[in-house]
Amino acid sequence: MVPESSITPCRLSARPVLGVSLHNVWVLRLDLLGGAAPGNKVFKLRHQLRRAREAGVRRIVSFGGVWSNHLHALAATGAELGLETVGVVRGAEMETPMLADARRWGMQLVPVSRAQYRQRHEPSWWRELEQRFGPCLVIPEGGGNAEGVLGCLDIAHMINAAQQRFSRILVAVGSGTTLAGMAAGLAPHNQLFGVSALKGANDLEQRVQDALDECALPARCNWQILHDAHCGGFARTSIDLRQFMLEFEQVQAVPLEPVYTGKLVYAAFRRIASGEWSSGEPMLVVHSGGLQGRRGYDWLAPQA
Ligand SMILES: *Cc1c(COP(=O)(O)O)cnc(C)c1O
């Protein structure tokens, strides 16, 4: 495993992307952290898995889709820690490289219908799962709970420890758990932007606030969510996004994936290109990993 202290923000090259220089954009590459499934999901899982192990729990149950970065990370980390893992998978109709990896790492896959999957937050279904697979720990989809927030404090600490100071810091948002942890750990001079991967998720601000309240942690910096970067909706892509990602990867040699990190970097790019954000100020984008998902997109260049 690459130690966290060796991952520091790295500056993009001055070579322009689609005619725009991103020379003051820095990237915290959690995708380089090592392990079989690097990225933010490892941070979200670390406390709960350690606690489970200490409590003598041998089996972890969680939920996700057929491309879930969360199930991928859970299967990988579970195998490393010697924990049994069970993945409740939405929609049984599709086989993916993600599911193949998870199975190879020993995760037991339990396909359920989309209708059943919608019950994933229902306590009664959790109790059923606990009876069926118990003794076990059930973790919500995406690792999105208070312990997930606490794990993401460590991402903020990595940024606080960097030599370079940043005013704007950007991170991709699905559930907002990662954003909440970072907001609780960054410094007051930071301005944190969450780039929503979802279309019209107008309750995200409330969900982030609820997540902070649940941990009794106040936000230490200003934060806000950008809702205009979904490029058509969750896991959808637009021609513009595709064109940007292909050119960015070629010029900068930093791989992205279209669900989260591509939209994240594209959101920063568009604000710099339009002049809304000054390119004279150092800003940081957090690469939250998820690169296993690239395998679902044949228009991307194969990853070196
Ligand atoms: C899950 C995920 C996110 C979103 O994290 P949340 O804590 O749910 O907001 C961002 N990037 C990647 C690569 C992810 O897998």
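Scroll up for the structure.
Just so it is clear, the structure is predicted and the values come from calculations on it, not from any experiment.

### Comments concerning the site of the ligand
For step 1, the next point in the chain: Taken together, 15 residues are adjacent to the ligand, and Lys-41, Asn-69, Ser-175, Thr-178 and Ser-288 come closest.
For step 2, the next point in the chain: Interatomic distance of 2.7 Å between a side-chain N/O atom of Lys-41 and an oxygen atom of the ligand.
For step 3, the next point in the chain: Starting from 380 Å² of accessible surface for the ligand in isolation, the protein chains cover 96%.
For step 4, the next point in the chain: Each residue belonging to the shell around the ligand can be placed in one class, and the counts come to three nonpolar, ten polar and two charged.

### Considerations on the sheet that holds strand β3 (residues 59-64)
For step 1, the next point in the chain: Taken together, four strands build an open sheet; the order of strands is β5-β4-β3-β6 and the sheet is parallel. Only two strands of the sheet have a single partner each, and these edge strands are β5 (108-112) and β6 (137-138).
For step 2, the next point in the chain: Pairing of β3 with strand β4 (residues 84-90), which is carried by six bridges, proceeds in the parallel orientation. Looking across to β4, one finds that Ser-62 is bridged to Gly-87.

### Here's the deal with helix α9 (residues 239-252)
For step 1, the next point in the chain: The first and last C-alpha atoms of α9 sit 20 Å apart over 14 residues, in line with the 20 Å expected at 1.5 Å per residue.
For step 2, the next point in the chain: Within the sequence span of α9, burial applies to Leu-241, Phe-244, Met-245, Phe-248, Glu-249, Val-251 and Gln-252. Down the axis, α9 shows its buried residues gathered within 165 degrees of arc, on one side only. Structural note: α9 exposes Ile-239 and Gln-250 on the side pointing more than 90 degrees away from its buried face.
For step 3, the next point in the chain: Taken together, the buried residues of α9 touch α10 (261-273).
For step 4, the next point in the chain: After α9 finishes, the residue Ala-253 shows a positive phi value of roughly 55 degrees.

### What about empty space enclosed by the protein?
For step 1, the next point in the chain: Evaluation of the coordinates by the stated rule reveals two cavities of 30 Å³ or more.
For step 2, the next point in the chain: Forming the walls of the largest cavity are ten residues, and the residues nearest its centre are Gly-35, Ala-36, Val-42, Thr-77 and Glu-80.
For step 3, the next point in the chain: With three residues, the top contributor of residues to the lining of the largest cavity is helix α2 (residues 69-81).
For step 4, the next point in the chain: Class assignment of the residues belonging to the lining of the largest cavity gives a composition of six nonpolar, three polar and one charged.
For step 5, the next point in the chain: Each of domain 1 (4-38 + 145-296) and domain 2 (41-142) contributes no fewer than three residues to the lining of the largest cavity.
For step 6, the next point in the chain: Roughly 30 Å³ of internal volume is contained in the second largest cavity.
For step 7, the next point in the chain: Every residue along the wall of the second largest cavity is listed here: Val-27, Val-254, Leu-256, Thr-261, Leu-264, Val-265, Val-285, Val-286 and His-287.
For step 8, the next point in the chain: Secondary structure elements with two or more residues in the lining of the second largest cavity: α10 and β10 (283-287).

Thresholds applied
- Residues numbered from 1 in each chain as written.
- Predicted model: local features only at pLDDT ≥ 70, side-chain atom pairs only at ≥ 80, totals over all residues.
- Heavy atoms only, no water.
- Near = heavy atom within 4 Å.
- Polar contact = N/O pair within 3.5 Å; in protein donor to acceptor, adjacent residues only side chain to side chain.
- Areas by Shrake-Rupley, 256 points an atom, 1.4 Å probe, with all protein chains shown as cover.
- Nonpolar A, V, L, I, M, F, W, Y, C, P; charged D, E, K, R; others polar.
- Pairing = 2+ DSSP bridges.
- Helix = DSSP H or I, 4+ residues; strand = E, 2+ residues; numbered from the N terminus.
- Expected span 1.5 Å × (residues − 1).
- Buried < 20%, exposed > 50% of the residue type's maximum accessible area, 1.4 Å probe, protein only.
- Arc of directions from axis to C-beta.
- Contact = heavy atoms within 4.5 Å.
- 1 Å grid on protein atoms, 1.4 Å probe; cavity = no way out; pocket = protein on both sides within 12 Å on 5 of 7 lines; lining within 4 Å.
- Points joined across faces, edges and corners; volume = space filled by probe spheres on them.
- Domains from an automatic or database assignment.

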